[in-house]
Every structure is written in structure tokens, then in C-alpha cells.
Amino acid sequence: NNLYREKISKNSVLIVSFAVILISYMISFLKHFPTVMTYDSYYILGQAIGDLPLSDWHPVLYTMFVRSFVSLGLLVNNINAGIAIFSIAQILIFSAILAYSIMWVYEKGVSLFCVAALLVYYAFSPVFSVLSFTVWKDVLFASFSLLYTLALFDIIQTKGKSILKPLKALQY
């Protein structure tokens, strides 16, 4: 295990994890193009296009994020194009955060078998792949909650020293 750790950099783990997850999710996305919509999704879309008033039921920032992509679609008279671009952006964010969590686990010294198992689980679990492009506020909320939890763990483990690093401070 240590022999491989010397040869496999954390950046390699990040890049390979991101690529595997992204390819897997994009295949699933193409099957469900332009996205997956739930009851909440239709409400968010209604708010994003201005048919429904903004409310505290859905975070306004998330609705504005969706609106920015839907507006692109409306510029070319194709709302599905805007929704698809939003879905791709969400897939990229979700995949990047999951890949980061795999790299984080690798950095902590977890066995390569467990790191690989986590990658397989993230990349090929149908729940993760479909969630990655569902228009649903919970996807990004859960993603950033995971990122925050990892940062908080690092802060506690280093007794606050990790927050002095600019990237860790930004993550927090």
C-alpha cells in the first residue's frame, strides 16, 4: 500500500476520480436528456422563469443560479437547452466535489482498496448519477455540505491550523 502511495499523487487521484465520475454521469445524463425533474423542480423552474413568485420555500440564490441557465435557453428560444446546460454545470460541480472527497480520503491514508471502492460507488451508483443532474436544490446543498464537513474535520484534526491555508479557509 505504501509503495503505491509513493507513485500515486493526490492530484492523480483527484483527476482520475473526476474523469471516471464525470464520464459515468454524462452517460446517464444523455439517457435522461435534458434532465430529470421532480415536483420541486417544476416549482423552481416556475420561479426561475418568473411565472411564480420567489419564496423562502426554495433558496433564492439557487433559483437565481437556475435562472441564469434557463435565460440562456430562452435567448435561443429553447428552454430545454438552458435546462441541459444547467444540468451539465451541476454535474461538473457534483463530480468535482465527490472527486475531492475521494482525494481527501486518500490523503488521510485510507487503503487503496477502500479509495477505489468509494470511486466505484460514487461513479456507478444509479442514485448518485441521476441526482447529479436532477433540478433539485438538495443536490448542491448536499455537495457543499460534504465539502464543509471535510473542511471542518480538517480544522478539528489540526486544531485550527488548516484554516490558515488559503484554500482551506475558502473551503470553510
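Further up the page is the structure itself.
Reading the values: rules and limits
Residue numbers here run from 1 along each chain, matching the order of that chain's written sequence. At least 70 in pLDDT is required for a residue's local features to be given in this predicted model, at least 80 for side-chain atom pairs to be given and counted, and no such filter applies to totals for whole chains, interfaces and linings, which use all residues. Only heavy atoms go into the side-chain values, all of them from the structure, while hydrogens and water stay out. The rule is simple: put a 1 Å grid over the protein atoms alone, call a set of points where a 1.4 Å probe fits but cannot get out a cavity, call an open set with protein on both sides within 12 Å along at least five of seven lines a pocket, and count a residue as lining if it has an atom within 4 Å of a point. Grid points are joined across faces, edges and corners, and a volume is the space filled by probe spheres set on the points. Each helix is a run of H or I in the DSSP string that is no shorter than four residues. Each strand is a run of E no shorter than two, and both are numbered from the N terminus. Ten residue types, Ala, Val, Leu, Ile, Met, Phe, Trp, Tyr, Cys and Pro, are classed as nonpolar, four, Asp, Glu, Lys and Arg, as charged, and the remainder, Gly among them, as polar. Stacked, edge-to-face and tilted are the three classes for Phe, Tyr and Trp ring pairs, Trp counted by its six-membered ring, which pair at centre distances within 6.5 Å; planes under 30 degrees apart are stacked, over 60 edge-to-face, the rest tilted. For each residue, the accessible area found with a 1.4 Å probe, counting protein chains only, is set against the maximum for its type, and the residue is called buried under 20%, exposed over 50%, and partly exposed in between.

Summed over all chains, the structure comprises one cavity of 30 Å³ or more. Here the largest cavity defines a volume of roughly 30 Å³. Together, M37, S41, L45, V66, V70, I83, F86 and V135 line the largest cavity. Counting only elements with at least two residues in the lining of the largest cavity, the list comes to α3 (39–48), α4 (60–75) and α5 (79–107). Its residues assigned to classes, the lining of the largest cavity comprises seven nonpolar, one polar and no charged.

Scanning the model with the defined rule gives twelve aromatic pairs in all. When the centroid spacing of 5.7 Å and the interplanar angle of 70 degrees are considered together, the rings of F65 and F86 count as edge-to-face. In this pair, F65 sits in helix α4 while F86 sits in helix α5, placing the two residues 21 residues apart along the sequence. On the basis of relative accessibility, which here comes to 1%, the residue F86 falls in the buried class. Judged by centre distance (5.8 Å) and plane angle (65 degrees), the rings of F69 and F86 are edge-to-face. Placement of F69 in helix α4 and of F86 in helix α5 is noted, with a sequence separation of 17 residues between them. A relative accessible area of 14% places F69 in the buried class.

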